[in-house]
Amino acid sequence: MRLNHFPRLMLNGAAAAFVLSSTCGVGLAQPANKRAIPAQPTMLCDIDAFTPPPGVTIVSVHQRFDPVPLCRVQGFVTTTDPGPNKVGFLISMPTTWNGRYLMMPPGGSAGYLMEPQESRLKEGYIFATTDKGSHAPTGVDNRFRASEARSTDYAHRGAHVATVATQAIAREYYGGRMMIRYIQGCSGGGVSAQTEAELYPEDADAFIIGAPAPNDFIMTYWGYIASHLYRNPASWISEPELKRIGEVIVSRYDAADGARDGVVLNPSDIRIEPSMFPFLSAAQFSTLKILVDGLPNVPGGPDVHVPGFWLTNPEKLGAALLGSAPPPWTKATQPILFGAVDDRVRAFRGKDFNLLTDMNYNSVDDLTKEYAGVMRWKAANRPPTPANLGRARQLGKKVLLWHGNADNLLPPLGAQSYAEQVRTIFPQQGQDFFRAFMIPNLLHCAGGQGAPADTPDRMLEAAVAWVEEAKAPDSLVLTTALPDQTTPSGEGDEIARSYRVCPLPMRARYTGNAASQAEIADARFWTCR
């Protein structure tokens, strides 16, 4: 284990930003539109060769040769106020470096370090990641929220200090060479990219935000759905019924974009009423309304509203939110997300609190206690705030936001609302630094029948072109088949498809032959309007 040569210093967020950036200059804004310059290391890949900045401990350094020659450094940053806590990091630095740095925070409850992506290493990227300091034993374990320090690091500080620390290590390894820096993540990793852009824009040149939660009360919404079903078992909707709901939606809204292709490109237009679904009981329709309308506020209660889901692929909402069987549930049949909700509420309300029997979502008192629990740690309370992007705009940073319009875990309406607020707050300058995209048929971060398979790759390419070549992404072309595949990746696809995806508020419109499935499946026959 290698400790720094400086006096031991435990870092809070502000101190970490000052100490690490002032030590190595990694926090300074990079010149606009400057291309990355390839380079090679100027020192040995050896633990004794590194001089970590204050507050940083290097645990191991290893030379590896698969998939490319690289130096792998693992360690942690010690945080305090609140704390102390340890935020783990891992950085892989290729011998043949393309001049670019990529930080990819993981999703879920974190607590683990992602393995570097082979494709990025082969392209020459530095690949860094962090456990965000939650120390969660599994990806959906939320018991760490009982700790103020771990909650704060998970919410925003952990990704920040790990980013600054790994950039300092990389700068030393490559002899102080300038690096173009990107932060990219999805789900919980997308939230980390979002908080980096809002709170610590000096940390990167571009931020790629994938499928972030709409706000801190998303788990309250998941619990609300579970409670509704538990108290009204007849309101449960089966997967076959959810599939029929999707078929009704497609039949009604498919052609709105000019093509009948089984894809609803603009699901914000969807409206539902009971007569559309004669196969649902009144109790079941009440559940469908909750899925669409989201978590409501109660008069006189705190603001806990969460938007609902779009019904572009409602079949996939079943296992995650409704369970595989009607309640009462077993561990095997309960909603996949229920465990995370149960962990969190017990962290706030005590280990004996029963979410299904003790929580009343129509009670001002219960919602006030829920609000107080979520907001309990002031340092961890950093809700998404588009106005905070002002500093990123001033520094010339770029922000890309994307969300699958069929997301089955986090409502995509939250991302659309965030984009609308950015356009309102920055009416003239918004398009100079911010773009948001809704990805057709995409579930949470990946997957979905007929959904693109290459969204993260194309988003990173778009960010590189915007930062280094001043080419703003006026549209993206995404495909259902990856470059090395000969068959489509989507379930049930007959032919590989490419989509033209437009930045909000623009929409894709079909301009080809209505009878030609080949043209419908080709992005060249679509335009943004």
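Provided above is the structure to which this section pertains.
A quick note: this is a predicted structure, and the numbers were derived from the prediction, not measured.

A. View of the state of the cysteines. Going through the model one piece at a time under the given rule, you end up with three disulfides. Here C502 engages in a disulfide with C528; their sulfurs sit 2.1 Å apart. Between C502 and C528 the disulfide shows an S-S torsion of about -90 degrees. By sign, it is left-handed. With a gap of 26 residues between them, C502 in the loop between β12 (498-501) and β13 (508-510) and C528 in strand β14 (residues 526-528) connect regions that are remote in the sequence. An identical accessibility class is assigned to C502 and C528; each is buried. Sequential numbering of the bridged cysteines in the chain gives the disulfide pattern 1-2, 3-4, 5-6.

B. Here's a closer look at the pattern of salt bridges. Going through the model one piece at a time under the given rule, you end up with 24 salt bridges. The shortest N-O distance in the salt bridge between E469 and R35 comes to 3.8 Å. Residue E469 is located in helix α15 (residues 455-469), and its partner R35 is located in the loop between α1 (13-24) and β2 (56-64); the two are separated by 434 residues in the primary sequence. Residue class for R35 comes out exposed when judged on its relative accessible area of 51%. Of the charged contacts, one joins R120 and E123 as a salt bridge, the two residues approaching to 2.9 Å between their closest N and O atoms. Of the residues examined, E123 reaches a relative accessible area of 42% and is grouped as partly exposed. A cluster of three or more residues bridged by salt bridges with shared partners is formed by R35, E469 and K471.

C. Up close: the packing of aromatic side chains. Counted according to the given criterion, the structure contains 12 aromatic pairs. Ring centres of W97 and Y174 lie 4.1 Å apart, and the angle between their planes is 20 degrees; on these two criteria the pair is classed as stacked. Of this pair, W97 sits in the loop between β4 (85-94) and β5 (100-103) while Y174 is found in the loop between α3 (148-173) and β7 (180-186), placing the two residues 77 residues apart along the sequence. Comparing W97 with Y174, the two get one shared label, buried. An angle of 25 degrees between the planes, with centres 5.9 Å apart, marks the rings of Y221 and F309 as stacked. You can see Y221 sitting in helix α5 (residues 218-231) and its partner F309 sitting in the loop between α7 (282-293) and α8 (317-322), a full 88 residues away along the chain. Accessibility classification places Y221 together with F309 in one group, the buried group. Chaining the aromatic ring pairs together yields one cluster made of F50, W97, Y173 and Y174.

D. Helix α6 (residues 239-253), seen in detail. Under the 1.5 Å per step criterion, the end-to-end length of α6 is 21 Å for 15 residues, consistent within 8% with the ideal 21 Å. Among the residues of α6, those classed as buried are L242, I245, G246, V248, I249 and Y253. For α6, the arc enclosing every buried residue in end-on projection is 160 degrees, short of the 170-degree limit, so these residues lie on one face. Among the structural elements, α7 and α8 are those in contact with the buried residues of α6.

E. Local environment of the layout of surface pockets. Space inside the largest pocket adds up to approximately 880 Å³. Surrounding the largest pocket, 42 residues form its lining, R145, Y154, A213, I218 and M219 being those nearest its centre. Put simply, the parts of the chain that give the lining of the largest pocket at least two residues each are α3, α4 (188-199), α5, α8, α9 (338-349) and α11 (364-374). Partitioned by chemical class, the residues of the lining of the largest pocket number 21 nonpolar, 15 polar and six charged.

F. Up close: α15. Taking 1.5 Å per residue as the helical rise, α15 with its 15 residues ought to reach 21 Å, and the 20 Å between its terminal C-alpha atoms agrees with that figure. Where burial is concerned, most of α15 is hidden: 11 out of the 15 residues are buried. Where α15 is concerned, the buried positions are T455, R458, M459, L460, A462, A463, V464, A465, W466, V467 and E468.

Cut-offs applied
Residues numbered from 1 in each chain as written. Predicted model: local features only at pLDDT ≥ 70, side-chain atom pairs only at ≥ 80, totals over all residues. Heavy atoms only, no water. Disulfide = S-S within 2.5 Å. Helix = DSSP H or I, 4+ residues; strand = E, 2+ residues; numbered from the N terminus. Buried < 20%, exposed > 50% of the residue type's maximum accessible area, 1.4 Å probe, protein only. Salt bridge = Lys/Arg side-chain N within 4 Å of Asp/Glu carboxyl O. Phe/Tyr/Trp six-rings, centres within 6.5 Å; stacked < 30°, edge-to-face > 60°. Expected span 1.5 Å × (residues − 1). Arc of directions from axis to C-beta. Contact = heavy atoms within 4.5 Å. 1 Å grid on protein atoms, 1.4 Å probe; cavity = no way out; pocket = protein on both sides within 12 Å on 5 of 7 lines; lining within 4 Å. Points joined across faces, edges and corners; volume = space filled by probe spheres on them. Nonpolar A, V, L, I, M, F, W, Y, C, P; charged D, E, K, R; others polar.

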